[in-house]
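Survey of secondary and tertiary structure
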Amino acid sequence: MSTDFLKEYKDLFEASYIKELNLSEHEKLIYFPIIKQIVDEQNLCDKLPPDVCVNENFTHTRLARDNNNKIIVTIVPCSKHKRQNNSIYDDFVEIDKKNLTMSQLCNSLVDEMWEYLPSNNVLDINLSYPEKFKVLKKQDFYKNSKLQIINAFLNPEFQAIKKDNDVSKINGIYIYGSYGVGKTLLMHTFLNALQNENLKTIFIKTATLSKMLKNNFDKANIVNEKIINNFKKADVLVFDDIGVSDSTEWFINQVLFEILDERYNTKKLTYFTSNFSLKQLFIKFKSASKLSAIDIDRVIDRIKALTNNTEVEIKEKNHRYSNNK
């Protein structure tokens, strides 16, 4: 490896929010891709004006240690968010440095959705969570909500993994929806829940992966090969925000398809979040690259195969801004 790369690699672990984790050399190698994503994102944000965050929802990904000293992924507000109007946070649950379990997230979402019930449907504010949940399931806005996705998809899959510790028989999910509805929070929490199952999990924004690989073009090829290999072999992988700014021919054809194809052939569990439906993603890829429809189709086909055609949409803005209270 080049001297420049070794220095860059070493500098990543000098950031205070990484250094405080006291990572072992083994952990540094395992979590290198996401650490680079975290540090690069924070460095870019620091260069922006004081009222601008690199992420529109004013949050950043961080690593933390749970009570068992295992590394988990969490979300923290950007230090700039207090300068912004609180409405920025209307569309996601702010969890600061707390690491929610699936159960805690469910309770949080139940309480949040409960507030938006029309007043004539609210029964007893002291109802227990299960009773509230029964009431919420009858509401129109429960459909296509994060709570429904947990109940119908993520929790059953989590329980199946917990029972057999085997991801090869489980299909991923393609989750899409408008900006700010909580797709990232949902999948962060799901991966955190899997940390106690001794599975290698990776969460990454596809745009960050693309940038990471491009930055290494002038370095030894083995660097990118190792990074891509990590994504191929992870037990559980989440591609976040697919289609946002990762639509070059090179990335779609030589990176994304290669990873997805290998994961499909080895039966690795893969999840996706996006602002686009799969039909919209096809159009996005086609308009942003010179790839043929056949090339793009094979990527979409791999996504469908890895998710067993499970494409679900989160629609939550309507009830969050409802005035029917």
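Our subject in this report is the structure included herewith.

Reading the values: the criteria
Residues numbered from 1 in each chain as written. Predicted model: local features only at pLDDT ≥ 70, side-chain atom pairs only at ≥ 80, totals over all residues. Heavy atoms only, no water. Helix = DSSP H or I, 4+ residues; strand = E, 2+ residues; numbered from the N terminus. Contact = heavy atoms within 4.5 Å. Areas by Shrake-Rupley, 256 points an atom, 1.4 Å probe, with all protein chains shown as cover. Salt bridge = Lys/Arg side-chain N within 4 Å of Asp/Glu carboxyl O. Buried < 20%, exposed > 50% of the residue type's maximum accessible area, 1.4 Å probe, protein only. 1 Å grid on protein atoms, 1.4 Å probe; cavity = no way out; pocket = protein on both sides within 12 Å on 5 of 7 lines; lining within 4 Å. Points joined across faces, edges and corners; volume = space filled by probe spheres on them. Nonpolar A, V, L, I, M, F, W, Y, C, P; charged D, E, K, R; others polar.

Of the regular secondary structure elements, the protein chain holds 14 helices and seven strands. Taking all contacts inside the protein chain whose residues are at least 6 apart in sequence as the whole, residues at least 24 apart take part in 69%. Put simply, the protein chain shows about 16,100 Å² of open surface, and 47% of that area lies on carbon and sulfur atoms.

One non-glycine residue with positive phi stands out, namely Asn 22, at about 50 degrees. Mapping Asn 22 onto the fold places it in the loop between α2 (16-19) and α3 (25-30). A positive phi angle is found at Asp 241, which is not glycine, with a value near 60 degrees. Note that Asp 241 resides in the loop between β5 (236-240) and α11 (249-265).

All right, on to the pattern of salt bridges then. Tallying each qualifying case throughout the model produces ten salt bridges. Salt-bridge contacts for Lys 205 lead to Asp 240; the nearest nitrogen and oxygen are separated by 2.8 Å. One end of the pair, Lys 205, is in strand β4 (residues 201-205); the other, Asp 240, is in strand β5, with 35 residues separating them in the sequence. When its relative accessible area of 0% is taken as the criterion, Asp 240 is described as buried. Salt bridges sharing partners connect three or more residues here, namely Lys 205, Asp 240 and Asp 241.

What follows covers empty space enclosed by the protein. Tallying each qualifying case throughout the model produces three cavities of 30 Å³ or more. Counting residues per element, the ones that place at least two in the lining of the largest cavity are α4 (32-46), β2 (71-77) and β4. Residues belonging to the lining of the largest cavity are distributed by class as follows: eleven nonpolar, two polar and one charged.

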